[in-house]
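Next come the chains, spelled out residue by residue.
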Amino acid sequence: MMLCVVGVFGFCYLPLFIHEIFFRIPNYTVFENSFILMNKSITSSVIYSFVKLFATLNSSVNFIIYCVLGERFRKTLKLMLSSWANFITRKTRRQTIASSSIVG
């Protein structure tokens with residue numbers, strides 16, 4: 001499972017790292033006299049939006065990977081969600097009882 005998480009991290013963040021190297025480091029002239037340099041601000045913003053989306057998706061994909069591959073994670077998540085649901089149900093019952101005793 002850990003290998004899968006690390007692989008997805010690398011896949012999602014590699015474009016961002018490459019973007020930072022080529023577009024963010026000041027005075028980096030790899031694209032000298034090229035179309036990309038002339039339109040660097042437009043190209044950079046479009047590419048940056050795309051690679052930032054990829055990096056953000058990593059967090060969502062990690063949750064899915066843990067749910068699919070991690071048995072202990074699933075058990076703990078179920079326990080936490082059921083505890084939360086019981087807490088909300090008890091709180092709602094207390095509020096209903098309190099409001100009915102005030103009215104009646």
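This is a predicted model, so every value here is computed, not measured.

K.L.:
How do you make sense of the packing of aromatic side chains when you look at a structure like this?
P.N.:
Geometrically, a pair of aromatic rings is defined through the distance of the ring centres and the angle of the planes. Overall, the coordinates contain six aromatic pairs when judged by the stated rule. A centroid spacing of 5.6 Å and a plane angle of 40° characterise the contact between Y66 and F73, whose relative ring orientation is tilted. Taking relative accessible area as the criterion, Y66 reaches 27% and is therefore assigned partly exposed. Relative accessible area serves as the criterion here: at 29%, F73 is assigned to the partly exposed category. Among the aromatic side chains, those forming a connected cluster through ring pairs are F9, Y13 and F17.

K.L.:
What's the story with the pattern of salt bridges in this structure? I'm lost.
P.N.:
Once the charged atoms of two side chains with opposite charge are near each other, the side chains can pair. Inspection of the entire model under this criterion finds one salt bridge. For the salt bridge of E71 with K75, the shortest nitrogen-to-oxygen distance reads 3.3 Å. Taken together, the residues E71 and K75, both in helix α4 (residues 71-103) and four residues apart, mark about one turn of the helix. Given a relative accessible area of 49%, E71 falls into the partly exposed group. On the basis of relative accessibility, which here comes to 56%, the residue K75 falls in the exposed class.

K.L.:
For this particular structure, what's the right way to read the confidence of the model for the chain?
P.N.:
Close reading of the predicted structure is inappropriate where its pLDDT is low. Summing up the model confidence of the chain, the mean pLDDT is 77 and the portion of residues at 70 or higher is 69%. Across the chain, the secondary-structure element scoring lowest on mean pLDDT is helix α2 (residues 35-38), at 48, and the one scoring highest is helix α1 (residues 2-24), at 85.

Rules of the game
- Residues numbered from 1 in each chain as written.
- Predicted model: local features only at pLDDT ≥ 70, side-chain atom pairs only at ≥ 80, totals over all residues.
- Heavy atoms only, no water.
- Phe/Tyr/Trp six-rings, centres within 6.5 Å; stacked < 30°, edge-to-face > 60°.
- Buried < 20%, exposed > 50% of the residue type's maximum accessible area, 1.4 Å probe, protein only.
- Salt bridge = Lys/Arg side-chain N within 4 Å of Asp/Glu carboxyl O.
- Helix = DSSP H or I, 4+ residues; strand = E, 2+ residues; numbered from the N terminus.
- pLDDT = per-residue confidence, 0-100.

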